[in-house]
Amino acid sequence: MTDRTAEERVDGSEPGDAEREANVSADAAATASTTEGSTETASPAVRTDGGAEAGSELGAFGRFREELDPVVFLFGAGLTLGLILLYFLDSARVETAIETADAFMLDYFNWALLVIVFLVVTFLVFLILGPWGRLRFGDDDPEYSFFSFFAMLYSAGFAAGVVFWGPTEALFYYDQPSPLFAVEGGTAEAIPIAIQQTLFHWALPQLAVFTIMGIAIGYFAYNYENVPLRVSSALTPILGRENLDGPVAKLIDVLAVFATIGGVATSLGFIGSQFVEGLAFQWGLDLGTTGIILVVTGMTLLFTVSMVLGVDRGIRRLSNFNMVLFVALMLATFIVGPTAFLVLVGTEAIGGMVNDFVSMSLFTGAGVEGGTEWMNAWTVFYWAWALSWSPFAGLFIARISRGRTVREVAFTGIFATSAATIPWFVFVGGTAVFFQHEGVADFSQVMAFEIGEEASGFILFEAFPLSTVFILAFMLLVTTFFITSADSSTLAVSMMTTGGKAEPSSINRVFWGVVLGLTAAILMTLGGVDALQSAAVITGAPFAFVCLIAMLGLIVRFSRDGEPLLLQERSWIVGDPPEDDPVATGDDD
């Protein structure tokens, strides 16, 4: 990080010497240096709790009241709890409203989501390869080891979807390939296309949108004074630091809470429904609607223990365990499954994804029969779901990224996570498609929507030797990813509603944990996967534009803090050179 980054105002003006010294001294005094294993971090703008002593004097409820941002908390909680209450009063009206809003978003904003996500991916690749990647998130050393940083980032909501869709998604593309490709469904030619489409949906693009939010939030919060660790801080260059407590910033933070509830409830609903389906498929336990709510409630109570333990003792350790179990189950599938076939189809699918990336990213289905409907059901849904995660995942990424470079965060966010995701979908999804094509296992009821997508993993592992061991490992992975997803998302929502506190009170986190679990259970009982998908589209689509504005703000800021890319600093676009320009005055040395 250059001196200019630490000293320069976000609005572009330069502070005087006295102010500069005061800023640097304040930053040094307020920044808490931490090592891996610490339970709390703080930045000049993040630490607002007054320390442990003040917290102990206030007591648990006193600290809870003291830390709240009343506008964000009341409006965010009011919107969410209002919908929950309306569900119990008139569930049919809630279901109709969700369907109407979902159709509106898909009709008018589907193209925008495709374009914005493609631009974000392109920008992150540039950050990894270009000169701006060496800019840093503050001046401290990283708080966590790279493996712990990667495991927490990966487990923060995204991995829940990976586990759910890994055994099942490629089956749908095998049965009904994307209209972009002239391939007949159910044939051998459809197999690599199915894997390719799955990798496209789960590699770079989905990961990119919450990575860009994490970079935008963390860069401004850790490098500039009076910028809190909250979602609206991603738009600091646009709003200005003096307006981060203004009505526009508050509106963004309220929408971030609402979007997070929708997006994370979708992830938790997928995982919860998979657990319930596993009980029914393997042991014949049909829990019904009441049982679904009880299971999700039970899992919510489980993650409360991890949440109270904090980031280091809770999220970090469980995330590390998740990754070990995830890799072990993936490798076991590779060994037990059609190993040679998986190597071949994986190589072809990866090559196809790279070769067709641009056309797949911008495919709208225009002029192709059924093309737009297919694209809305799959690609647009996934982008909207990822965008609905972007506030919470971005805030959580910013929370754990202090001391890292922009290049490290961008690389971990889209390439390191893709390196873990691609083998999972090749090995698990490829084995499921191979088993269906060769008649080893029968997924026809899943592909015909006669039974839920949740059953695919259990049908797959039932065909393995030692099937019970595989199924138990799979259900354990489902449960632990549920816990880490709920834990990290609850931390992020609590931070949003406390003005950016890095360590919100336990009462705050428990409150939002209950709300998240209850919302997930309601969506599952309303319409299962369809209701979950609709909720993701409704809450995620508006944040496509927040991500776009955040990216534009980063381009403006990085061009000042890093180095100009296209035009040198003394260039001007039109007209005569400025009067104070050395070229115009002839004072250039």
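The preceding data block contains the structure.
In this text, all values refer to a predicted model and were calculated from it rather than measured experimentally.

## With respect to the pattern of salt bridges
- Applying the stated criterion across every chain yields a total of seven salt bridges.
- With a shortest N-O distance of 3.3 Å, Arg-557 and Asp-561 are connected by a salt bridge. Taken together, the residues span about one helical turn, with Arg-557 and Asp-561 both in helix H21 (residues 506–561) at a distance of four residues.
- Taking the relative accessible area as the measure of exposure, Arg-557 reaches 1% and is therefore buried.

## What about the side chain of Thr-431?
- Take Thr-431: it is sitting in helix H17 (residues 406–438).
- The residues touching Thr-431, leaving out its near neighbours within four places in the chain, are Thr-333, Gly-337, Pro-338, Leu-342, Val-426, Leu-460 and Phe-464.

## Digging into the packing of helix H9 (residues 190–202) against helix H10 (residues 204–223)
- Across the interface, H9 lies against H10 with an axial gap of 3 Å and an inter-helix angle of 5°. The orientation of H9 with respect to H10, classified from their angle, is roughly parallel. Contact residues: H9 offers Phe-200, His-201 and Trp-202, while H10 offers Leu-204, Pro-205, Gln-206 and Leu-207.
- A class-by-class count of the residues in the contact of H9 with H10 yields five nonpolar, two polar and no charged.

## Brief notes about the packing of aromatic side chains
- A complete count under the given rule lists 39 aromatic pairs for this structure.
- Both rings, one in Phe-435 and one in Phe-464, keep their centres 5.9 Å apart while their planes meet at 80°; by these two values the pair is edge-to-face. Of this pair, Phe-435 sits in helix H17 while Phe-464 sits in the loop between helix H19 (456–462) and helix H20 (467–496), and the two are 29 residues apart along the sequence. Each of the two residues, Phe-435 as well as Phe-464, counts as buried.
- These aromatic residues form a ring-pair network of at least three members: Trp-165, Phe-172, Tyr-173, Trp-202, Trp-374, Trp-378, Phe-381, Tyr-382, Trp-385, Phe-425 and Phe-449.
- Taking NZ or CZ as reference, Arg-404 lies 4.4 Å from the ring centre of Phe-149, over its face.

## Details of the nonpolar core
- Ranked by size, the top nonpolar core spans 166 residues in total, and within it Ile-215 and Phe-558 carry the most contacts.
- Of all the elements, helix H16 (residues 371–399) adds the most residues to this core, at 18 residues.

## Let's talk about empty space enclosed by the protein
- This structure, assessed with the given rule, holds two cavities of 30 Å³ or more.
- Space inside the largest cavity adds up to approximately 50 Å³.
- Lining the largest cavity are Ser-178, Leu-180, Phe-181, Gln-197, Phe-200, Met-360, Phe-363, Trp-374, Met-375 and Thr-379.
- Broken down by secondary-structure element, the contributors of at least two residues to the lining of the largest cavity are H9 and H16.
- Considering each element in turn, the lining of the largest cavity owes the most residues, three residues, to H16.
- Of the residues that constitute the lining of the largest cavity, the class distribution is seven nonpolar, three polar and no charged.

Reading the values: rules and limits
- Residues numbered from 1 in each chain as written.
- Predicted model: local features only at pLDDT ≥ 70, side-chain atom pairs only at ≥ 80, totals over all residues.
- Heavy atoms only, no water.
- Salt bridge = Lys/Arg side-chain N within 4 Å of Asp/Glu carboxyl O.
- Helix = DSSP H or I, 4+ residues; strand = E, 2+ residues; numbered from the N terminus.
- Buried < 20%, exposed > 50% of the residue type's maximum accessible area, 1.4 Å probe, protein only.
- Contact = heavy atoms within 4.5 Å.
- Axes fitted to C-alpha atoms, helices over the stretch in contact; angles between N-to-C directions.
- Parallel < 35°, antiparallel > 145°, perpendicular 65-115°, else oblique.
- Nonpolar A, V, L, I, M, F, W, Y, C, P; charged D, E, K, R; others polar.
- Phe/Tyr/Trp six-rings, centres within 6.5 Å; stacked < 30°, edge-to-face > 60°.
- Lys NZ or Arg CZ within 6 Å of the ring centre and 35° of its normal.
- Core = buried A, V, L, I, M, F, W, Y, C linked by side-chain atoms within 4.5 Å.
- 1 Å grid on protein atoms, 1.4 Å probe; cavity = no way out; pocket = protein on both sides within 12 Å on 5 of 7 lines; lining within 4 Å.
- Points joined across faces, edges and corners; volume = space filled by probe spheres on them.

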